[in-house]
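Residue-level structure breakdown
Letter by letter, the chains look like this.
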Amino acid sequence: MCKFGFLYKNAIDIIIDRFRTKLDIKYALSINNYHPDVVETGLIISSIDMHFPVESVILNPILTETDFKRIDATINSTISLKRSRALIDVLPNFFSKSLFYKCPNFKNKNDAIRKMTEDAIQQGYAPTDFFRSVMDREIASNTVFGNVAILHSQERTIKSFISVALCNPPVLWDDKQVKIIALMGLSKESRKLFCRSF
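Values in this document were obtained by computation on a predicted structure and should not be read as measured data.

Right, let's get into the overall build of the protein chain. Looking only at helices and strands, the protein chain has 5 helices and 7 strands in total. The linear arrangement of helices and strands in the protein chain, starting from the amino end, is α-β-β-α-β-α-α-β-β-β-β-α. Dimensions of the protein chain, computed from the C-alpha atoms along their principal axes, are close to 75 × 30 × 25 Å. The proportion of buried residues among the 198 residues of the protein chain is 36%. Pairs at least 24 residues apart make up 60% of the contacts formed inside the protein chain by residues separated by at least 6 positions.

A word on the environment of threonine 41. One can find threonine 41 in the loop between α1 (9-18) and β1 (43-46). The spatial distance from the C-alpha of threonine 41 to the C-alpha of phenylalanine 145 is 40 Å, given a sequence separation of 104 residues. Engagement of the side chain of threonine 41 in a polar contact is seen with the backbone oxygen of leucine 43, the distance being 3.2 Å.

Across the sheet, 5 strands lie side by side as β3-β6-β7-β5-β4; this open sheet has mixed pairing. On the outer flanks of this sheet lie β3 (95-102) and β4 (144-145), each paired with one strand and no other. Relative to strand β6 (residues 161-173), β3 is paired through 4 bridges, and the arrangement is parallel. Following the sheet pairing, tyrosine 101 is matched in β6 by alanine 165.

Reading the values: the criteria
- Residues numbered from 1 in each chain as written.
- Predicted model: local features only at pLDDT ≥ 70, side-chain atom pairs only at ≥ 80, totals over all residues.
- Heavy atoms only, no water.
- Helix = DSSP H or I, 4+ residues; strand = E, 2+ residues; numbered from the N terminus.
- Buried < 20%, exposed > 50% of the residue type's maximum accessible area, 1.4 Å probe, protein only.
- Contact = heavy atoms within 4.5 Å.
- Polar contact = N/O pair within 3.5 Å; in protein donor to acceptor, adjacent residues only side chain to side chain.
- Pairing = 2+ DSSP bridges.

Structure (C-alpha cells):
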C-alpha cells in the first residue's frame, strides 16, 4: 500500500519475485482504498507508516536489503504463528479421560509403557505393534526431561492422542524419578501439522 496508489510497480514486482514461494498476494491497493473491515489479509506490506489491524511491514521509499530482511522475518513469524494456532486448535482433541492416569500403580518404566500403550491399542488409537515401536524409540534416545517422560513412536498411529500419567509416588525411569509421563501418538494428518509447527 502507498499514498498514491502505487508502492512503485517495480518494487511490487521485486517483492513478488523475491517472496513468490512464501506470499500469496491478494491486493495491491492505494491507502485511500484500504478498508480493514473489507480487506481480509494476514500481512500488510506498506510504504505508509500507520497502525494496521494485522501484522505489517513498513518499507522505505527506496527498497533496501534491510527492507527485504524485515519482510522475510515478518513472513516467517506470521507463518509460524499461523501454524502454532492451527496446532493449538486441534490439540485439545488429542486428550481423552480414558487415557489419563492419576497416581497409577506402575512398577517401573517398562510397566508404565506397557500399560499406557496397551490401553491406547485397546481403545483403537494405536496399532497392535505400538508397544514395540515406543520401546524402540525409547532405546534409541532418552525421553526424560527433568522429572517428565515424553514418549512417542516413530510410526503413525490410527488416531492422534496424548495419554498422561501423573505419578505419585514417582516411577523409577532408568536412573531418574519421573512424576509425569506423556505418551503421544500421531496420525498421518497430525504428524504433518506437528512437523510444520516445529
